[in-house]
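Remarks on the overall topology
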Amino acid sequence: MSDRLGRQLAFLAEADRLKTVLRANTLADGSRRENSGEHSWHVALYALILADQAGPDVRIDRVLRMLLIHDLVEIDCGDTPIHGSHDAASVAAAESAAADRIFRLLPEDQAAEFRALWEEFEASLSPDAVFAKSIDRVQPVMQNLQSGGGTWKEFAVTSEQLDTRVGAKIARGAPGLWAHVRALTRTYFDRAAG
C-alpha cells in the first residue's frame, strides 16, 4: 500500500472517533444526546437542502466540505455548547492544536487544504464560511424545537440569548431562514415565559 493511501486511511479511522463525541443537543426525538458525527452529517444535509437560502456567491460544494470537517477537532476537545460557559481563548487554542494533530495525519497536500478549509470556517469571513456557520447554528435550534426545548431548558436560554448567540450568525448567512426559524422559536419562548 502506498504511503499516501495509508495516511488517508489512518485519517479516516481517526475521523470515526467523532461518532463517540457527545454533544449537548439531543436528537429531535429527545431520546439521547446527538454525537458529533451525526451532527456533521446532518448539517451537511441541511446545507444541501437549504442551498437556495445561500447568497449568490456561495459555493455549496465548499460549504459541504467545511461542514463535514468542521467538528473533527472535537475528537480531542469535545463539544463546547454554545450556551455553556467557557473560556473562548482556551477553547480556540485547544481546537487549533487538535486541528494540527488531526489534519497532519493526511498527506501534505490534503492536510494543508483541509486545515485551510477548517480555518476559513472558523474565521467565518468568506461567503461560503458565513453560510456554513449559519447552517451549523440552525440545526441545533431545530433539534431544540423538535425536542420540546432540549438544551434551552438545560442551560436556561432566554429569547435574547438565542438572538445574540445563535440568531445573529444564522441571519448573517441566511436571513430568510433565520426569520422563518425565529418565528417558530417564539412559540417555545412565549410558552416557556408564561
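One structure accompanies this document, and this report is about it. Because the structure is a prediction, the values reported are computed rather than measured. (Residues numbered from 1 in each chain as written. Predicted model: local features only at pLDDT ≥ 70, side-chain atom pairs only at ≥ 80, totals over all residues. Heavy atoms only, no water.)

1. Let's talk about the pairing of strand β1 (residues 22-26)
In summary, the side chains of a regular strand alternate between the two faces of the sheet. This is how it is decided: Under the scheme applied here, a residue whose accessible area is under 20% of the maximum for its type counts as buried, over 50% as exposed, and between as partly exposed, the area being computed with a 1.4 Å probe on protein chains only. Secondary structure elements follow DSSP: runs of H or I no shorter than four residues count as helices, runs of E no shorter than two count as strands, and numbering proceeds from the N terminus. Should DSSP find at least two bridges between two strands, the strands are regarded as paired.
The buried count for β1 comes to four of five residues, which makes it a mostly enclosed element. Two strands pair when backbone bridges link them, and β1 and strand β2 (residues 33-35) are joined in this way by two bridges, in the antiparallel orientation. Counted as the bridge partner of Thr26 is Arg33 from β2. Linking two consecutive strands that pair antiparallel, namely β1 and β2, is a turn of six residues; a positive phi of about 70° is found at Gly30 within it.

2. Focus: a nonpolar patch on the surface
Rule in force here: Every patch collects residues that have over 30% relative accessible area and no salt bridge, joining them within 9 Å if they carry like charges and within 5 Å if they are nonpolar side chains (Val, Leu, Ile, Met, Phe, Trp, Tyr). Throughout, the Shrake-Rupley method with a 1.4 Å probe supplies accessible areas, and for residues the shown protein chains are the sole cover considered. Just to be clear on terms, a salt bridge is a Lys or Arg side-chain nitrogen sitting within 4 Å of an Asp or Glu carboxyl oxygen.
On the surface, Trp41, Leu45, Leu48 and Ile49 cluster together to form a nonpolar patch covering roughly 440 Å² of accessible area. Here Leu45 lies in helix α2 (residues 36-49).

3. Let's talk about the pattern of salt bridges
In the structure shown here, the tally under the stated rule is 18 salt bridges. With its nearest N and O atoms 3.0 Å apart, the salt bridge here joins Arg59 to Asp61. For Asp100, the salt bridge is made with Arg115, and the minimal N-O distance between the two is 2.2 Å. Of this pair, Asp100 sits in helix α5 (residues 88-103) while Arg115 sits in helix α6 (residues 108-123), and the two are 15 residues apart along the sequence. Beyond isolated ion pairs, a larger network of salt bridges with shared partners links Glu14, Arg17, Asp76 and Arg101.

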